[in-house]
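Observations on the model geometry
For reference, the chains in residue letters:
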Amino acid sequence: MEVLSSRVLLRPTDLDAGIRFYRDTLGLAVFREYGTGDSRGVVFFLGGGFLEVSGESEPGPLDRLGIWLQVRDLAATEKDLTAGGVPIERPARLMPWGLRELWARDPDGVRLVFVEVPEDHPLRRRLD
């Protein structure tokens, strides 16, 4: 199998609210938009991947899905999220594995893990 591309598919309970949150509140850039009405969707750039917000779903278990978002400045991100009214589940802190993390929720309660990789962390350096 050869995987050429990938993306996370998110089916919010309210499509318009989901699109507004990822586009306006988080400020993700739009890769493409398609369709109309209930058949419409927006694909956002998500660092090295994509996040597609389309369709709708019924409310259900949320912690089976989380979106990991690496940012340059976690303190600035926390200020922006707070100013945007985004519920912060776990404020920014250094985790035992050496990453700085902040946990928040999107309008449907999907966990968003915002991560800052410190300069001295192995994720920033090749060790070989």
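Residues numbered from 1 in each chain as written. Predicted model: local features only at pLDDT ≥ 70, side-chain atom pairs only at ≥ 80, totals over all residues. Heavy atoms only, no water.

Listed in full, the buried residues belonging to helix α2 (residues 74-83) are Leu 74, Thr 77 and Leu 81. Down the axis, α2 shows its buried residues gathered within 55 degrees of arc, on one side only. Of the exposed residues in α2, those oriented more than 90 degrees away from the buried face are Lys 79, Asp 80 and Ala 83. Those residues of α2 that are buried lie in contact with β6 (88-94), β7 (100-105) and β8 (111-116). Two to three positions downstream of the cap, the backbone nitrogen of Ala 75 sits 3.1 Å from a side-chain oxygen, assigning the N-cap of α2 to Asp 73. After α2 finishes, the residue Gly 85 shows a positive phi value of roughly 75 degrees. (Buried < 20%, exposed > 50% of the residue type's maximum accessible area, 1.4 Å probe, protein only. Helix = DSSP H or I, 4+ residues; strand = E, 2+ residues; numbered from the N terminus. Arc of directions from axis to C-beta. Contact = heavy atoms within 4.5 Å. Polar contact = N/O pair within 3.5 Å; in protein donor to acceptor, adjacent residues only side chain to side chain.)

With that settled, consider the pattern of salt bridges. According to the stated counting rule, one finds 6 salt bridges in the structure shown. The partner of Arg 40 in a salt bridge is Asp 16, with the nearest N and O atoms 2.6 Å apart. Of this pair, Arg 40 sits in the loop between β2 (30-34) and β3 (41-46) while Asp 16 sits in helix α1 (residues 15-25); the two residues are 24 residues apart in sequence, bridging distant segments of the chain. Its relative accessible area of 25% is what places Arg 40 among the partly exposed residues. Taking the relative accessible area as the measure of exposure, Asp 16 reaches 37% and is therefore partly exposed. (Salt bridge = Lys/Arg side-chain N within 4 Å of Asp/Glu carboxyl O.)

Our next topic: the sheet that holds β7. Strands sit in the order β5-β8-β7-β6 across an open sheet of 4 strands; the sheet is mixed. Pairing within the sheet leaves two strands with one partner each, and these edge strands are β5 (66-70) and β6. Between one strand and the next, the sheet's axes are offset by a mean angle of 15 degrees, whatever the strand orientation. Strand direction decides the pairing type here: β7 and β8, joined by 6 bridges, are antiparallel. (Pairing = 2+ DSSP bridges. Axes fitted to C-alpha atoms, helices over the stretch in contact; angles between N-to-C directions.)

Of all 6 residues making up β7, 5 are buried, and the element is well covered by its neighbours. Pairing between β6 and β7: 4 bridges, direction antiparallel. Each residue of the ladder has a partner; that of Arg 93, found in β7, is Glu 101. What sits between β6 and β7 in their antiparallel hairpin is a turn of 5 residues, with Gly 98 showing a positive phi close to 90 degrees. Two successive antiparallel strands, β7 and β8, enclose a turn made up of 5 residues, where Gly 109 displays a positive phi of approximately 90 degrees.

With that settled, consider the nonpolar core. Core analysis: the biggest nonpolar cluster contains 22 residues, and Tyr 22, Phe 44, Leu 51, Val 53, Ile 67 and Phe 114 have the highest contact counts within it. Mapped onto this core, the elements with two or more residues apiece are α1, β3, β4 (49-54), β5, α2, β7 and β8. Ignoring anything within four residues of it in the chain, the contact list for Tyr 22 reads Leu 10, Gly 27, Leu 28, Phe 44, Leu 51, Val 53, Ile 67, Asp 106 and Leu 112. Leu 99, Val 113, Val 115 and Val 117 belong to the second-largest nonpolar core, a separate cluster that totals 5 residues. (Core = buried A, V, L, I, M, F, W, Y, C linked by side-chain atoms within 4.5 Å.)

Averaged over every residue, the pLDDT of the protein is 85; residues scoring 70 or more account for 90%. The spread of mean pLDDT over the elements of the protein runs between β4, the lowest at 79, and α2, the highest at 95. (pLDDT = per-residue confidence, 0-100.)

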